[in-house]
Amino acid sequence: MIRIAAVADLHFGEDSAGTYRPHLEELGERADVFLVAGDLTRLGEPAEAAVLAEELADMPVPTFAVLGNHDHHAGRAKEVAKVMESAGVRVLEGEAATANVNGFRVGVAGTKGFGGGFAGASGSEFGEEHMKAFVRHSAEEAAALESALKALEADVRVAVTHYSPVKETLVGEPPEIYPFLGSYLLGEAVDRGGADLALHGHAHRGSERGVTAGRTPVRNVAWPVLDRAYGLFEIDRRAAGIA
Amino acid sequence: MDEATREGRDRLVARLTEALARDHRVGELELEVTLAQDGLTVTGVVPTEERRSAVAEVLAERAPGVAVRNLVEVAGRGEPDAAEELP
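Model, not experiment: these values are computed from the prediction.

Novice: Where do I start with the overall build of chain B in this structure?
Specialist: Within chain B, the secondary structure is distributed over 3 helices and 6 strands. The secondary structure elements of chain B, listed N-terminal to C-terminal, are α-α-β-β-β-α-β-β-β. Relative to its length of 87 residues, chain B is extended, with a C-alpha radius of gyration of 16 Å against a globular reference of 12 Å. If you line up chain B on its principal axes, its C-alpha atoms span 55 × 25 × 20 Å. Put simply, chain B has 87 residues, and 46% of those count as buried.

Below, the structure is given as structure tokens:
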């Protein structure tokens, strides 16, 4: 049994110290890994990340995160990531990592992702350079996720993004902004990469559950959607004995 | 309502939505601001009560004299009752 705790959209500011860690008392006993799907900070300032880093220091389980759009707002995303890493939170930017827990190898592939929309209502790499750059960035993020997933040797593969890979977990948001909340390209990457579970945030007014075209469960773990300190998921696997 | 006559409703709502995202006291992009005859209504979910109060502060500063109905909620903090079992 592999137990995954996850949340997104903590939006930590410099005044957020002590507002979250007290609510994670049982996490160490109930989960094997902790995943944070982006928007770690309020405005992307390293000082905000420092407060969250302190909050998540010495977590009882391996902790992985991806950055979100807020974490890029100040143009200092690399510093934000570095601050989090200094506290032992592994920040995944188009890459993967594994954790050995209870005889299983849990693989986590993460990237921010980007928008672009979903089949039938998505952007094209055409027209102004700004538009092409928008769509190109989404494709690059999806490609990085797929590569990271495929590179994993693990009993369970989890995809973590900030943007959503499916429309279903956006229900509750105005449909007009779906292209700013996720991309079908991420859903394709999740399926081609063989993920067992996809977690994302970003859509505060979205829904918890969805599924990709390839039937991979997708869960929106944005804090406002969960309405609890974290979501908890169990995946039953036998150890595959992967060297 | 002066704001509605001097400034288009859409523009005002967009400006206030952006202010809530950019102001360091709030920093929330996903709050929904609507404008009606009786004033502004803001909905959404924020992490703390302090952040919720800050929403009202920012709107009062940016739209002085406009009534504000703050329906923003604070996200729950309890630990989950049970785990979801996935295939």
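Novice: It is not clear to me how the layout of surface pockets should be interpreted in this structure. Could you clarify?
Specialist: Any space left empty among the atoms is revealed by the rolling of a water-sized probe across them. The space that makes up the largest pocket amounts to roughly 810 Å³. For the largest pocket, the lining is made up of 33 residues, of which A:Asn69, B:Thr17, B:Ala21, B:Leu29 and B:Glu30 are closest to its centre. Taken together, the elements giving at least two residues each to the lining of the largest pocket come down to helix H2 (9-22) and strand S1 (32-36) of chain B. The dominant element in the lining of the largest pocket, judged by the number of residues it contributes, is H2(B), at 7 residues. Among the residues making up the lining of the largest pocket, the classes are represented as 14 nonpolar, 9 polar and 10 charged. Taken as a whole, the second largest pocket spans an internal volume of roughly 230 Å³.

Novice: Would you mind going over empty space enclosed by the protein with me for this structure?
Specialist: The final tally for this structure, using the stated rule, is 1 cavity of 30 Å³ or more. Estimated volume of the largest cavity: approximately 30 Å³. Residue lining of the largest cavity: A:Asp9, A:His11, A:His204, A:Trp223, A:Pro224, B:Glu28, B:Val45, B:Val46 and B:Pro47, and that is the complete set. Looking at the lining of the largest cavity, its residues break down into 5 nonpolar, 2 polar and 2 charged.

Novice: What exactly am I supposed to notice about the interface of chain B and chain A here?
Specialist: Quoted interface sizes are often the accessible area lost when the parts come together. Taken together, the contact pairs 29 residues of chain B with 38 residues of chain A. For the salt bridge of B:Glu30 with A:Arg205, the shortest nitrogen-to-oxygen distance reads 3.4 Å. The interface formed by chain B and chain A contains 21 residue pairs in polar contact (both at pLDDT 80 or more). Contributions of two or more residues to the side of chain B that touches chain A are made by H2 and strand S6 (84-86) of chain B. In terms of residues, the side of chain B that touches chain A owes the most to one element, S6(B), which gives 3 residues. Partitioned by chemical class, the residues of the side of chain B that touches chain A number 12 nonpolar, 5 polar and 12 charged.

Rules used in this analysis
- Residues numbered from 1 in each chain as written.
- Chains lettered and ligands numbered in written order.
- Predicted model: local features only at pLDDT ≥ 70, side-chain atom pairs only at ≥ 80, totals over all residues.
- Heavy atoms only, no water.
- Helix = DSSP H or I, 4+ residues; strand = E, 2+ residues; numbered from the N terminus.
- Rg over C-alpha atoms; globule rule 2.2 N^0.38 Å.
- Buried < 20%, exposed > 50% of the residue type's maximum accessible area, 1.4 Å probe, protein only.
- 1 Å grid on protein atoms, 1.4 Å probe; cavity = no way out; pocket = protein on both sides within 12 Å on 5 of 7 lines; lining within 4 Å.
- Points joined across faces, edges and corners; volume = space filled by probe spheres on them.
- Nonpolar A, V, L, I, M, F, W, Y, C, P; charged D, E, K, R; others polar.
- Contact = heavy atoms within 4.5 Å.
- Salt bridge = Lys/Arg side-chain N within 4 Å of Asp/Glu carboxyl O.
- Polar contact = N/O pair within 3.5 Å; in protein donor to acceptor, adjacent residues only side chain to side chain.

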